[in-house]
Amino acid sequence: MMNNQVTDRLASTKFLLVITGAGISAESGIPTFRGNEGLWKNYRAEDLATPHAFARDPETVWEWYDWRRGIIGRAEPNAGHLAIKELEELFDNFLLITQNVDGLHGRTGIRNMVEIHGNLWRVRCTREGKTSMLMDVPLKSVPPKCECGAVLRPDVVWFGESIPSLALEKAFRVIEQCDTLIVVGTSGVVYPVASFPETVKNNGGFVIEVNVEPTPISAVADASLYGNSGDILPMLVKWLRRKRQEG
Ligand code: BJW
(Lines give C-alpha, C1' and ligand atoms only; values in the text may rest on other atoms or scores of the structure.)
Protein backbone atom coordinates (compact mmCIF):
# COMPACT_ATOMS: atom_id res chain seq x y z
CA MET A 1 0.00 0.00 0.00
CA MET A 2 2.59 2.58 1.09
CA ASN A 3 4.86 3.06 -1.86
CA ASN A 4 8.48 4.22 -1.56
CA GLN A 5 7.86 7.33 -3.60
CA VAL A 6 5.35 8.59 -1.02
CA THR A 7 7.42 7.73 2.02
CA ASP A 8 10.67 9.16 0.60
CA ARG A 9 8.96 12.36 -0.38
CA LEU A 10 7.30 12.82 3.01
CA ALA A 11 10.58 12.20 4.79
CA SER A 12 12.26 15.04 2.90
CA THR A 13 9.32 17.45 3.01
CA LYS A 14 10.05 20.94 4.33
CA PHE A 15 6.54 22.39 4.25
CA LEU A 16 3.52 20.11 4.42
CA LEU A 17 0.09 21.33 3.35
CA VAL A 18 -2.94 19.15 4.07
CA ILE A 19 -6.32 19.84 2.49
CA THR A 20 -9.42 18.04 3.75
CA GLY A 21 -13.01 17.65 2.63
CA ALA A 22 -16.12 15.94 3.94
CA GLY A 23 -14.62 12.44 3.53
CA ILE A 24 -12.32 12.93 6.55
CA SER A 25 -15.39 13.27 8.78
CA ALA A 26 -17.33 10.38 7.19
CA GLU A 27 -15.88 7.91 9.70
CA SER A 28 -17.17 10.16 12.51
CA GLY A 29 -20.67 9.50 11.14
CA ILE A 30 -21.09 12.84 9.36
CA PRO A 31 -22.66 12.52 5.90
CA THR A 32 -20.63 13.76 2.94
CA PHE A 33 -22.23 16.20 0.50
CA ARG A 34 -22.25 14.20 -2.66
CA GLY A 35 -22.92 10.74 -1.26
CA ASN A 36 -26.58 9.62 -1.14
CA GLU A 37 -26.59 9.78 2.64
CA GLY A 38 -25.77 13.50 2.34
CA LEU A 39 -29.23 14.25 1.01
CA TRP A 40 -31.64 15.94 3.41
CA LYS A 41 -35.35 15.90 2.52
CA ASN A 42 -34.30 15.33 -1.11
CA TYR A 43 -32.37 18.61 -1.30
CA ARG A 44 -28.81 18.59 -2.59
CA ALA A 45 -26.12 20.83 -1.02
CA GLU A 46 -26.26 22.94 -4.19
CA ASP A 47 -29.97 23.66 -3.49
CA LEU A 48 -29.40 24.82 0.09
CA ALA A 49 -25.88 26.21 0.38
CA THR A 50 -26.59 29.41 -1.55
CA PRO A 51 -27.45 32.99 -0.56
CA HIS A 52 -30.41 32.73 -2.93
CA ALA A 53 -31.85 29.71 -1.05
CA PHE A 54 -31.44 31.52 2.29
CA ALA A 55 -33.11 34.69 0.96
CA ARG A 56 -36.03 32.68 -0.45
CA ASP A 57 -36.53 30.19 2.39
CA PRO A 58 -34.39 30.97 5.46
CA GLU A 59 -36.33 28.55 7.67
CA THR A 60 -35.59 25.51 5.50
CA VAL A 61 -31.91 26.41 5.14
CA TRP A 62 -31.64 26.99 8.91
CA GLU A 63 -33.34 23.63 9.61
CA TRP A 64 -30.79 21.91 7.36
CA TYR A 65 -28.02 23.42 9.46
CA ASP A 66 -29.82 22.40 12.67
CA TRP A 67 -30.08 18.84 11.35
CA ARG A 68 -26.38 18.81 10.59
CA ARG A 69 -25.47 20.39 13.94
CA GLY A 70 -27.45 17.63 15.64
CA ILE A 71 -25.32 14.95 13.94
CA ILE A 72 -22.04 16.83 14.35
CA GLY A 73 -22.75 17.61 18.00
CA ARG A 74 -22.83 13.89 18.76
CA ALA A 75 -19.70 13.12 16.68
CA GLU A 76 -16.06 12.87 17.76
CA PRO A 77 -12.87 13.45 15.77
CA ASN A 78 -11.74 10.13 14.26
CA ALA A 79 -8.35 8.53 13.66
CA GLY A 80 -7.90 10.58 10.47
CA HIS A 81 -8.40 13.92 12.25
CA LEU A 82 -6.02 12.82 15.02
CA ALA A 83 -3.38 11.72 12.50
CA ILE A 84 -3.45 15.17 10.89
CA LYS A 85 -2.87 16.75 14.30
CA GLU A 86 0.14 14.41 14.66
CA LEU A 87 1.41 15.48 11.22
CA GLU A 88 1.36 19.07 12.47
CA GLU A 89 3.72 18.00 15.25
CA LEU A 90 6.04 16.22 12.82
CA PHE A 91 6.65 19.16 10.49
CA ASP A 92 8.13 22.57 11.37
CA ASN A 93 6.15 24.12 8.56
CA PHE A 94 2.59 22.90 8.35
CA LEU A 95 -0.86 24.14 7.39
CA LEU A 96 -4.25 22.45 7.23
CA ILE A 97 -6.84 23.93 4.89
CA THR A 98 -10.19 22.34 5.61
CA GLN A 99 -13.34 22.82 3.57
CA ASN A 100 -15.32 21.36 6.45
CA VAL A 101 -17.48 23.55 8.64
CA ASP A 102 -18.00 20.89 11.32
CA GLY A 103 -15.20 22.07 13.65
CA LEU A 104 -13.89 18.51 14.24
CA HIS A 105 -10.30 19.38 13.28
CA GLY A 106 -10.34 22.19 15.84
CA ARG A 107 -11.38 19.74 18.51
CA THR A 108 -8.09 17.82 18.06
CA GLY A 109 -6.25 20.95 19.24
CA ILE A 110 -4.66 21.62 15.87
CA ARG A 111 -3.23 25.15 15.67
CA ASN A 112 -2.25 25.84 12.05
CA MET A 113 -5.59 25.61 10.31
CA VAL A 114 -7.71 27.61 7.89
CA GLU A 115 -11.44 26.77 7.84
CA ILE A 116 -11.83 28.05 4.31
CA HIS A 117 -15.64 27.57 4.11
CA GLY A 118 -16.27 28.82 7.67
CA ASN A 119 -17.76 27.07 10.69
CA LEU A 120 -21.38 26.16 11.32
CA TRP A 121 -21.11 26.77 15.06
CA ARG A 122 -20.64 30.49 14.30
CA VAL A 123 -23.33 32.89 13.10
CA ARG A 124 -23.09 36.19 11.27
CA CYS A 125 -25.44 39.17 11.26
CA THR A 126 -26.82 39.67 7.74
CA ARG A 127 -26.83 43.45 8.29
CA GLU A 128 -23.69 44.24 10.27
CA GLY A 129 -21.50 41.26 9.39
CA LYS A 130 -20.63 40.79 13.08
CA THR A 131 -19.91 37.15 14.01
CA SER A 132 -20.71 35.32 17.26
CA MET A 133 -20.87 31.76 18.51
CA LEU A 134 -24.32 30.24 18.03
CA MET A 135 -24.46 29.23 21.70
CA ASP A 136 -24.16 32.89 22.69
CA VAL A 137 -27.25 34.10 20.83
CA PRO A 138 -30.84 33.79 22.01
CA LEU A 139 -32.71 31.23 19.88
CA LYS A 140 -36.13 32.89 19.87
CA SER A 141 -36.93 32.43 16.19
CA VAL A 142 -35.89 30.34 13.20
CA PRO A 143 -33.47 31.67 12.04
CA PRO A 144 -32.49 33.58 15.18
CA LYS A 145 -32.04 37.35 15.10
CA CYS A 146 -29.21 39.68 15.99
CA GLU A 147 -29.62 42.35 18.68
CA CYS A 148 -29.97 44.82 15.81
CA GLY A 149 -33.08 42.95 14.61
CA ALA A 150 -31.57 41.52 11.41
CA VAL A 151 -31.57 37.79 10.66
CA LEU A 152 -28.49 35.75 11.61
CA ARG A 153 -27.01 33.30 9.11
CA PRO A 154 -24.45 30.52 9.54
CA ASP A 155 -20.91 31.94 9.20
CA VAL A 156 -20.09 29.73 6.24
CA VAL A 157 -19.26 30.28 2.56
CA TRP A 158 -22.07 29.47 0.17
CA PHE A 159 -21.89 28.95 -3.60
CA GLY A 160 -21.32 32.22 -5.41
CA GLU A 161 -19.83 33.87 -2.30
CA SER A 162 -16.20 34.84 -1.96
CA ILE A 163 -13.86 33.06 0.40
CA PRO A 164 -12.93 35.50 3.23
CA SER A 165 -9.87 37.37 2.01
CA LEU A 166 -7.58 36.58 4.97
CA ALA A 167 -8.25 32.83 4.59
CA LEU A 168 -7.69 32.97 0.84
CA GLU A 169 -4.48 35.00 1.15
CA LYS A 170 -3.06 32.53 3.66
CA ALA A 171 -4.05 29.60 1.45
CA PHE A 172 -2.42 31.12 -1.64
CA ARG A 173 0.76 31.95 0.28
CA VAL A 174 1.14 28.37 1.51
CA ILE A 175 0.26 26.86 -1.87
CA GLU A 176 3.33 28.70 -3.18
CA GLN A 177 5.53 27.66 -0.25
CA CYS A 178 4.68 24.01 0.32
CA ASP A 179 6.62 21.20 -1.29
CA THR A 180 4.13 18.43 -0.46
CA LEU A 181 0.33 18.42 -0.39
CA ILE A 182 -1.82 15.64 1.05
CA VAL A 183 -5.40 16.07 -0.13
CA VAL A 184 -7.92 14.00 1.81
CA GLY A 185 -11.58 13.09 1.29
CA THR A 186 -12.72 15.69 -1.18
CA SER A 187 -14.51 15.13 -4.47
CA GLY A 188 -12.44 17.95 -5.98
CA VAL A 189 -15.34 19.65 -7.74
CA VAL A 190 -15.82 22.80 -5.66
CA TYR A 191 -13.66 25.83 -6.49
CA PRO A 192 -11.40 27.47 -5.60
CA VAL A 193 -10.10 24.56 -3.45
CA ALA A 194 -10.47 22.13 -6.38
CA SER A 195 -7.73 24.09 -8.21
CA PHE A 196 -5.19 24.01 -5.34
CA PRO A 197 -3.68 20.55 -6.10
CA GLU A 198 -2.91 21.53 -9.68
CA THR A 199 -1.33 24.81 -8.55
CA VAL A 200 0.90 22.97 -6.06
CA LYS A 201 1.85 20.52 -8.80
CA ASN A 202 2.63 23.32 -11.29
CA ASN A 203 4.89 24.90 -8.66
CA GLY A 204 6.91 21.69 -8.48
CA GLY A 205 5.18 20.26 -5.39
CA PHE A 206 4.29 16.62 -4.81
CA VAL A 207 0.59 15.76 -4.49
CA ILE A 208 -0.68 12.76 -2.51
CA GLU A 209 -4.37 11.99 -2.65
CA VAL A 210 -6.21 9.98 0.03
CA ASN A 211 -9.74 8.95 -0.91
CA VAL A 212 -11.95 5.88 -1.07
CA GLU A 213 -12.28 6.33 -4.83
CA PRO A 214 -10.69 8.17 -7.77
CA THR A 215 -11.62 11.86 -8.21
CA PRO A 216 -10.62 14.57 -10.71
CA ILE A 217 -7.64 15.20 -8.38
CA SER A 218 -6.32 11.70 -9.19
CA ALA A 219 -5.28 13.00 -12.62
CA VAL A 220 -2.86 15.52 -11.10
CA ALA A 221 -1.81 13.51 -8.04
CA ASP A 222 1.67 11.97 -7.99
CA ALA A 223 0.26 9.20 -5.79
CA SER A 224 -3.28 8.17 -4.91
CA LEU A 225 -3.85 6.09 -1.79
CA TYR A 226 -7.29 4.53 -1.92
CA GLY A 227 -9.00 3.59 1.33
CA ASN A 228 -10.49 5.17 4.43
CA SER A 229 -8.58 8.21 5.63
CA GLY A 230 -8.98 6.88 9.19
CA ASP A 231 -6.80 3.91 8.16
CA ILE A 232 -4.35 5.51 5.72
CA LEU A 233 -3.40 8.69 7.60
CA PRO A 234 -2.41 6.93 10.86
CA MET A 235 -0.33 4.55 8.74
CA LEU A 236 1.51 7.49 7.16
CA VAL A 237 2.19 8.95 10.61
CA LYS A 238 3.43 5.63 11.96
CA TRP A 239 5.77 5.21 9.05
CA LEU A 240 7.10 8.73 9.33
CA ARG A 241 7.75 8.44 13.07
CA ARG A 242 9.66 5.20 12.50
CA LYS A 243 11.71 6.80 9.72
CA ARG A 244 12.56 9.81 11.95
CA GLN A 245 13.66 7.48 14.80
CA GLU A 246 15.92 5.55 12.43
CA GLY A 247 17.44 8.92 11.45
C1 BJW B 1 -13.68 9.50 1.82
C2 BJW B 1 -14.21 8.75 2.86
C3 BJW B 1 -13.30 8.20 3.77
C4 BJW B 1 -15.87 9.45 1.69
N5 BJW B 1 -11.98 8.39 3.61
N6 BJW B 1 -12.37 9.68 1.69
C7 BJW B 1 -14.39 27.90 -11.23
C8 BJW B 1 -14.91 26.98 -12.08
C9 BJW B 1 -16.23 26.55 -11.95
C10 BJW B 1 -17.04 27.04 -10.95
C11 BJW B 1 -16.51 27.97 -10.08
C12 BJW B 1 -15.21 28.38 -10.23
N13 BJW B 1 -14.94 29.28 -9.23
C14 BJW B 1 -16.05 29.42 -8.48
C15 BJW B 1 -17.03 28.65 -8.98
C16 BJW B 1 -18.39 28.51 -8.42
C17 BJW B 1 -18.47 27.60 -7.23
C18 BJW B 1 -18.12 26.16 -7.61
O19 BJW B 1 -17.07 25.65 -7.32
N20 BJW B 1 -19.02 25.46 -8.26
C21 BJW B 1 -18.77 24.07 -8.65
C22 BJW B 1 -19.81 23.16 -8.00
C23 BJW B 1 -18.71 23.97 -10.12
N24 BJW B 1 -17.60 28.05 -6.15
C25 BJW B 1 -17.94 29.05 -5.34
O26 BJW B 1 -18.99 29.65 -5.50
C27 BJW B 1 -16.97 29.43 -4.24
N28 BJW B 1 -16.77 30.84 -4.24
C29 BJW B 1 -15.88 31.45 -5.04
O30 BJW B 1 -15.09 30.83 -5.72
O31 BJW B 1 -15.94 32.84 -4.97
C32 BJW B 1 -15.43 33.58 -6.07
C33 BJW B 1 -16.40 33.40 -7.22
C34 BJW B 1 -17.74 33.50 -7.00
C35 BJW B 1 -18.63 33.29 -8.04
C36 BJW B 1 -18.15 32.97 -9.33
C37 BJW B 1 -16.77 32.87 -9.52
C38 BJW B 1 -15.89 33.09 -8.46
C39 BJW B 1 -17.54 29.09 -2.87
C40 BJW B 1 -17.74 27.63 -2.69
C41 BJW B 1 -18.41 27.38 -1.34
C42 BJW B 1 -18.78 25.92 -1.13
N43 BJW B 1 -19.61 25.83 -0.01
C44 BJW B 1 -19.98 24.50 0.49
C45 BJW B 1 -20.95 24.70 1.66
C46 BJW B 1 -20.22 25.22 2.89
C47 BJW B 1 -21.15 25.42 4.02
C48 BJW B 1 -21.78 24.12 4.47
O49 BJW B 1 -21.12 23.10 4.69
O50 BJW B 1 -22.98 24.15 4.62
O51 BJW B 1 -18.81 23.79 0.94
S52 BJW B 1 -20.66 23.42 -0.74
C53 BJW B 1 -19.92 21.95 -0.12
O54 BJW B 1 -18.94 21.44 -1.08
C55 BJW B 1 -19.10 22.38 1.10
C56 BJW B 1 -17.86 21.55 0.97
O57 BJW B 1 -16.83 22.14 1.72
C58 BJW B 1 -17.63 21.57 -0.52
C59 BJW B 1 -16.72 20.46 -1.01
O60 BJW B 1 -17.27 19.21 -0.77
P61 BJW B 1 -16.31 18.00 -0.37
O62 BJW B 1 -15.68 18.28 0.92
O63 BJW B 1 -15.42 17.69 -1.51
O64 BJW B 1 -17.38 16.84 -0.11
P65 BJW B 1 -17.98 15.75 -1.13
O66 BJW B 1 -19.17 15.16 -0.49
O67 BJW B 1 -18.17 16.34 -2.49
O68 BJW B 1 -16.83 14.66 -1.30
C69 BJW B 1 -16.47 13.77 -0.24
C70 BJW B 1 -15.31 12.93 -0.71
O71 BJW B 1 -14.88 12.11 0.36
C72 BJW B 1 -15.64 11.98 -1.88
O73 BJW B 1 -14.64 12.08 -2.87
C74 BJW B 1 -15.61 10.58 -1.23
O75 BJW B 1 -15.16 9.57 -2.12
C76 BJW B 1 -14.62 10.80 -0.11
N77 BJW B 1 -14.75 9.91 1.04
N78 BJW B 1 -15.59 8.69 2.69
C79 BJW B 1 -11.57 9.12 2.53
N80 BJW B 1 -13.74 7.41 4.80
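Residues numbered from 1 in each chain as written. Predicted model: local features only at pLDDT ≥ 70, side-chain atom pairs only at ≥ 80, totals over all residues. Heavy atoms only, no water.

Side note on the packing of helix H6 (residues 79-90) against helix H9 (residues 229-246)
If you want to describe how two helices pack, look at the angle between their axes and the distance between the axes.
No. 1: Between H6 and H9, the least distance of the axes is 7 Å, while the angle of their chain directions is 25°. Comparing their axes, H9 and H6 come out roughly parallel. Judged by the sense of rotation from one axis to the other, the crossing of H6 with H9 is left-handed. Contacts from Ala79, Gly80, Ala83, Ile84, Glu86, Leu87, Glu89 and Leu90 of H6 reach H9 at Ser229, Gly230, Leu233, Pro234, Val237, Leu240, Arg241 and Arg244. (Axes fitted to C-alpha atoms, helices over the stretch in contact; angles between N-to-C directions. Helix = DSSP H or I, 4+ residues; strand = E, 2+ residues; numbered from the N terminus. Parallel < 35°, antiparallel > 145°, perpendicular 65-115°, else oblique. Left-handed = near helix turned anticlockwise from the far one by under 90°. Contact = heavy atoms within 4.5 Å.)

Here's the deal with the site of the ligand
No. 1: Taken together, 36 residues lie around the ligand, and Tyr65, Arg68, Gly160, Thr186 and Ser187 are the ones closest in.
No. 2: Within the side chain of asparagine 211, a nitrogen or oxygen atom sits 2.7 Å from an oxygen atom of the ligand.
No. 3: Contact with the protein chains removes 76% of the 1500 Å² of surface that the ligand exposes when unbound.
No. 4: Put simply, the parts of the chain that give the shell around the ligand at least two residues each are helix H2 (23-26) and helix H5 (58-74).
No. 5: Ranked by residues supplied to the shell around the ligand, first place goes to H5 with 3 residues. (Near = heavy atom within 4 Å. Polar contact = N/O pair within 3.5 Å; in protein donor to acceptor, adjacent residues only side chain to side chain. Areas by Shrake-Rupley, 256 points an atom, 1.4 Å probe, with all protein chains shown as cover.)

What to know about the packing of helix H1 (residues 4-11) against H9
No. 1: Remark: H1 packs on H9, axes separated minimally by 10 Å, with the N-to-C direction vectors making an angle of 60°. When the axis of H1 is compared with that of H9, the two are oblique. Both H1 and H9 take part in a crossing whose hand is right-handed. In this structure, H1 uses Val6, Thr7, Asp8, Leu10 and Ala11 to contact H9, whose residues at the interface are Leu236, Trp239, Leu240 and Lys243.

Here's the deal with the side chain of threonine 13
No. 1: Looking at the element boundaries, threonine 13 is found in the loop between H1 and strand S1 (15-20).
No. 2: Taking the relative accessible area as the measure of exposure, threonine 13 reaches 9% and is therefore buried.
No. 3: At a separation of 2.7 Å, a polar atom in the side chain of threonine 13 contacts the side chain of threonine 180.
No. 4: Beyond its immediate stretch of four places on either side in the chain, threonine 13 contacts Phe91, Asp179 and Thr180. (Buried < 20%, exposed > 50% of the residue type's maximum accessible area, 1.4 Å probe, protein only.)

With respect to the nonpolar core
As a rule of thumb, soluble globular proteins bury nonpolar side chains together.
No. 1: The biggest cluster of nonpolar side chains holds 26 residues, and the ones touching the most others in it are Leu10, Val18, Leu87, Phe94, Ile182 and Leu233.
No. 2: Looking at this core element by element, the count peaks at 6 residues for H9.
No. 3: What isoleucine 182 contacts, discounting residues up to four positions off in sequence, is Leu10, Leu16, Leu17, Val18, Ile19, Leu87, Ile208, Val210, Leu233 and Leu236.
No. 4: Counting residues in hydrophobic clusters, the runner-up holds 23 residues, among them Ile19, Ala167, Ala171 and Val220. (Core = buried A, V, L, I, M, F, W, Y, C linked by side-chain atoms within 4.5 Å.)

Details of the packing of aromatic side chains
No. 1: Following the criterion strictly, the structure yields 6 aromatic pairs and no others.
No. 2: An angle of 65° between the planes, with centres 4.9 Å apart, marks the rings of tryptophan 64 and tyrosine 65 as edge-to-face.
No. 3: Look at tryptophan 64 and you get buried, because its relative accessible area is 3%.
No. 4: Ring geometry for phenylalanine 172 versus phenylalanine 196: centroids 5.9 Å apart, planes at 70°, classification edge-to-face. Here phenylalanine 172 is found in helix H7 (residues 165-177), whereas its partner phenylalanine 196 is found in helix H8 (residues 196-202), with 24 residues between them in sequence.
No. 5: You can call phenylalanine 172 partly exposed: its relative accessible area is 42%.
No. 6: By relative accessible area, which is 1% here, phenylalanine 196 ends up buried.
No. 7: Aromatic ring contacts, followed pair by pair, group Phe54, Trp64, Tyr65 and Trp158 into a single cluster.
No. 8: A cation over a ring is seen here: arginine 69 above tryptophan 62, with NZ or CZ 4.8 Å from the ring centre.
No. 9: Directly above the aromatic system of phenylalanine 91 lies the positively charged group of arginine 244, at a separation of 5.1 Å from the ring centroid. (Phe/Tyr/Trp six-rings, centres within 6.5 Å; stacked < 30°, edge-to-face > 60°. Lys NZ or Arg CZ within 6 Å of the ring centre and 35° of its normal.)

Some details on the domain arrangement of the protein
No. 1: Per the domain assignment, the segments of the protein are domain 1 (4-30 + 77-117 + 163-246) and domain 2 (31-74 + 120-156).
No. 2: Taken over C-alpha atoms, the centre of domain 1 sits 27 Å from the centre of domain 2.
No. 3: A combined buried area of about 920 Å² lies between domain 1 and domain 2, and 62% of that area is made up of carbon and sulfur atoms.
No. 4: Counting every contact that joins domain 1 to domain 2 gives 0 salt bridges.
No. 5: On the surface where domain 1 and domain 2 come into contact, there are 3 residue pairs in polar contact (both at pLDDT 80 or more). (Domains from an automatic or database assignment. Buried area = accessible area lost by both parts, 1.4 Å probe. Salt bridge = Lys/Arg side-chain N within 4 Å of Asp/Glu carboxyl O.)

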